[in-house]
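# Structural characterization, general
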Amino acid sequence: MFAKAFRVKSNTAIKGSDRRKLRADVAAAFPTLGTDGVSQLVPGKEELNVVKLYAHRGDAVTVYVSGGNPILFELEKNLYPTVYALWSYPALLPTFTTWPLVLEKLVGGADLMLPGLVVPPAGLPQVQKGDLCAIVLMGNRAPVAVGVAAMSTPEMLASGLKGRGFTMLHTYQDHLWRSGDKSPPPFIAPLALDHPDLGEEKGSVPEDPALQEDMRHLALEGGGEESGENQQTCGKKTLPGASEDPSIGGLNPDPTDSKTLQEQMDELLQRCFLHALKCRVTKADLPLLTSTFLGSHVFSCCPEGRQLDIKKSSYKKLSKFLQQMQQEQIIQVKELSKGVESIVAVDWKHPRITSFVIPEPSPTSQTVQEGGREQPYHPPDIKPLYCVPASMTLLFQESGHKKGSVLEGGEVRMIVINYAKKNDLVDADNKKCLEKLQPAYQVAFPGQEPIVKKGKICPVDITLAQRASNKKVTVVRNLEAYGLDPCAVAAVLQQRCQASTTVTPAPGARDSLQVQIQGNQVHHVGRLLLEEYQLPRKHVQGLEKAPKPAKKK
């Protein structure tokens, strides 16, 4: 189902009532989880997003994302766990075993045929036709695929293990897996009853060198290079109850550091805090909302390849960390309006700020996500052009141009000058000629052929809209004209603004999407487009709608 790229329709934070309904649905669909398991899989207070998407065949799918990883997906009112969820709960579904080399076929969209099954000494699990099952590889109990049984276990045995055994829905390495942190399967020791050949020590690794090589190759192929590429989004975490190995969860701590994950996260938080105060925040920015400080300044100072998650630090919350920094007299925080805190003063002469050494910037720090993989974004070179209309064909035909020819401004000027000299005319620099030409433009991305289009290029349009609930939303249109993926931009803004985002079709525009962010987020959008993506300011309109800074008391 997810062998090819899918199209995201919307991505929003889950509502409280929907979270409760989801927990009830999970408890009904997977009764073996129990109350504690359901509470861990669908946490009560932690961030949980609902992503509505269309698979490549047009199926409408709802995906539930926790900590940056898809954990469940819903198709035709049926809930299915992802491999990320099953790595935390490997016994959730009946499990069937296949060979490592079969995985490549499953990832490509093939169903699992019965000849590919490995029958353990204890026999195949008992399932009925239509039951949901997990597929694991020989030597590791971590599921790599989720499918539906095409026949019951007695029917499988009666067929002599021939024919289609399982219709596959989702696999490790497919596009749904790629939308998460791209971590490889953890090693989960097989049960001794299923694999007695593993030796007396339960969970020991099989000694077959060919099998070990297959497993190592698959882990490197799926999670080696790619798992390190998707490191922009901050705040990712493993599912509760998952492996304690921090490298599996996508937080990517320093492997050479002997400190605990919490100690490393404390250091990273303080480093980003000091970096933001020294390089990004100025006196003119004060008072500065603490949420804006975190989304626009602290997260953007996170080093490439690292991910900042305050919940994984000893502080747990931003407010508690800022209180500590206030006690050290680095900053002063006040509640300027009810329930909303702002940084009102910074001691830039504090020894911790003055002694902080700014790290060297990474040349690939400005990225957008494209097709599940992050690619460096470079703003296009946009050049205004002019099309020759029918009414001016005679003027340009002597120079070899005809109706519809596309010319640069300098070319038009030289043609007019030569025509004036040849015909002994005056006012050769009269710009009325340009005004009569039809506008066009050229967009050139690095390493790609220039694209020429008629008309004027539409700027990225930022507007504010009022919803029925009397809440404001920020709407961003025309991102595609500048090579920006609306879904990727929405994901970045969701982190920066700490607000829900939605991607919807733009009204009145064919094949164009718009990004909606809850609240007035014009300041965040402008900073992202101008400073990080480096779009020229003349191609961005609506920046004046940003909220005015609060007056100093």
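Here's what I pulled together on the structure shown here. Per-chain numbering applies: the sequence of each chain, read as written, is numbered from 1 onward. Where local features are concerned, this predicted model is filtered to residues with pLDDT of at least 70; where side-chain atom pairs are given and counted, the filter is 80 or more; whole-chain, interface and lining totals use all residues. For the side-chain quantities, the full set of heavy atoms in the structure was used; hydrogens and water were omitted.

Another aspect to go through is the overall build of the chain. Starting at the N terminus, helices and strands are each numbered in turn, a helix being any DSSP run of H or I of at least four residues and a strand any DSSP run of E of at least two. A count of helices and strands for the chain gives 16 helices and 25 strands. Residue exposure (1.4 Å probe, protein chains only): buried if accessible area is under 20% of the type maximum, exposed if over 50%, otherwise partly exposed. Within the chain, the proportion of its 553 residues that are buried is 47%. By sequence separation, contacts in the chain at least 24 residues apart represent 62% of the contacts at least 6 residues apart. Here a residue-residue contact requires only that any non-hydrogen atoms of the pair lie within 4.5 Å.

Side-chain direction in a regular strand flips from residue to residue, so the side chains alternate between the two faces of the sheet. DSSP bridges decide pairing: two strands pair if at least two such bridges lie between them. Looking at chain direction, strand β6 (residues 95–98) and strand β9 (residues 132–137) are connected through 4 bridges and run parallel. In the sheet register, F96 faces β9, and the bridge partner there is I135. Pairing between β6 and strand β8 (residues 117–118): 2 bridges, direction antiparallel. In the strand pairing of β8, T98 is matched with L117.

Let us now look at the pattern of salt bridges. For this document, the term salt bridge refers to a Lys or Arg side-chain nitrogen within 4 Å of an Asp or Glu carboxyl oxygen. Counting across every chain of the model gives 9 salt bridges. One salt bridge in this structure joins R352 and E328, with 2.8 Å as the shortest N-O distance. In this pair, R352 sits in helix α11 (residues 351–354) while E328 sits in the loop between α10 (318–327) and β13 (331–337), placing the two residues 24 residues apart along the sequence. Judged by its relative accessible area of 27%, E328 is partly exposed. Each member of the salt-bridge network shares a partner with another, and the members are R280, R527 and E531.

Take the pairing of strand β14 (residues 340–346) next. Of the strand pairs in this sheet, strand β12 (residues 288–289) and β14 are connected by 2 bridges, and their pairing is antiparallel. Counterpart to L289 in the pairing with β14 is S342. The pairing of β13 with β14 spans 6 bridges and is antiparallel. Bridge pairing in β14 links Q332 to A345.

Both cavities and pockets are sets of points on a 1 Å grid over the protein atoms alone; in a cavity a 1.4 Å probe fits but cannot get out, in a pocket the set is open with protein on both sides within 12 Å along at least five of seven lines, and lining residues sit with an atom within 4 Å of a point. Grid points are joined across faces, edges and corners, and a volume is the space filled by probe spheres set on the points. Summed over all chains, the structure comprises 3 cavities of 30 Å³ or more. If you go around the second largest cavity, the residues you meet are G295, S296, L493, R496, H524, R527, L528 and E532. Those elements that provide at least two residues to the lining of the second largest cavity are α9 (290–298), α15 (486–497) and α16 (522–532). Ranked by the residues each element gives to the lining of the second largest cavity, the list is headed by α16, at 4 residues. Amino acid classes used here: Ala, Val, Leu, Ile, Met, Phe, Trp, Tyr, Cys and Pro are nonpolar; Asp, Glu, Lys and Arg are charged; the rest, including Gly, are polar. A per-class count over the lining of the second largest cavity returns 2 nonpolar, 3 polar and 3 charged.

Attention now moves to the packing of α9 against α16. Running from N to C, α9 and α16 cross one another at 10°; their axes reach a closest spacing of 11 Å. Our classification of the angle between α9 and α16 gives roughly parallel. Between α9 and α16, the contacting residues are T292, S296 and H297 on the first element and H523, H524 and R527 on the second. Throughout, an axis means a line fitted to C-alpha atoms (over the contacting stretch in the case of helices), and angles, computed between N-to-C directions, take values from 0 to 180 degrees. When describing relative orientation, an angle under 35 degrees is termed roughly parallel and one over 145 degrees roughly antiparallel, while 65 to 115 degrees is termed roughly perpendicular and anything else oblique.

Remark: helix α8 (residues 261–279) packs on α9, axes separated minimally by 10 Å, with the N-to-C direction vectors making an angle of 90°. Viewed along their axes, α8 and α9 adopt a mutual orientation that is roughly perpendicular. Two secondary-structure elements touch here, α8 through C272, F273, A276 and L277 and α9 through F293, H297 and V298. Grouping the constituent residues of the contact of α8 with α9 by class yields 6 nonpolar, 1 polar and no charged.

What follows covers unusual backbone geometry. With omega at -5°, the peptide bond leading from L286 into P287 counts as cis. Mapped onto the elements of the fold, P287 is located in the loop between α8 and β12. Positive phi, close to 50°, is recorded for E76, a residue that is not glycine. Within the element layout of this structure, E76 appears in the loop between β4 (69–75) and β5 (78–81). With a relative accessible area of 66%, E76 lands in the exposed category. A positive phi angle, near 70°, is found at N478, a position not held by glycine. One can find N478 in the loop between β22 (472–477) and α15.

This next bit is on the packing of aromatic side chains. Only Phe, Tyr and Trp rings are paired, with Trp represented by its six-membered ring, and only when their centres lie within 6.5 Å; those with planes under 30 degrees apart are stacked, over 60 edge-to-face, the remainder tilted. Taken as a whole and judged by the stated rule, the model has 10 aromatic pairs. Ring geometry for Y84 versus W87: centroids 5.4 Å apart, planes at 70°, classification edge-to-face. Here W87 and Y84 lie together in helix α3 (residues 83–88), a separation of 3 residues that amounts to about one turn. One exposure class covers both Y84 and W87, and it is buried. With 5.0 Å between their ring centres and 80° between their planes, Y172 and W177 make a pair best called edge-to-face. According to the relative accessible area criterion, Y172 is buried, its value standing at 1%. A network of ring pairs unites the aromatic residues F2, F6, F73 and Y80 as a single cluster.

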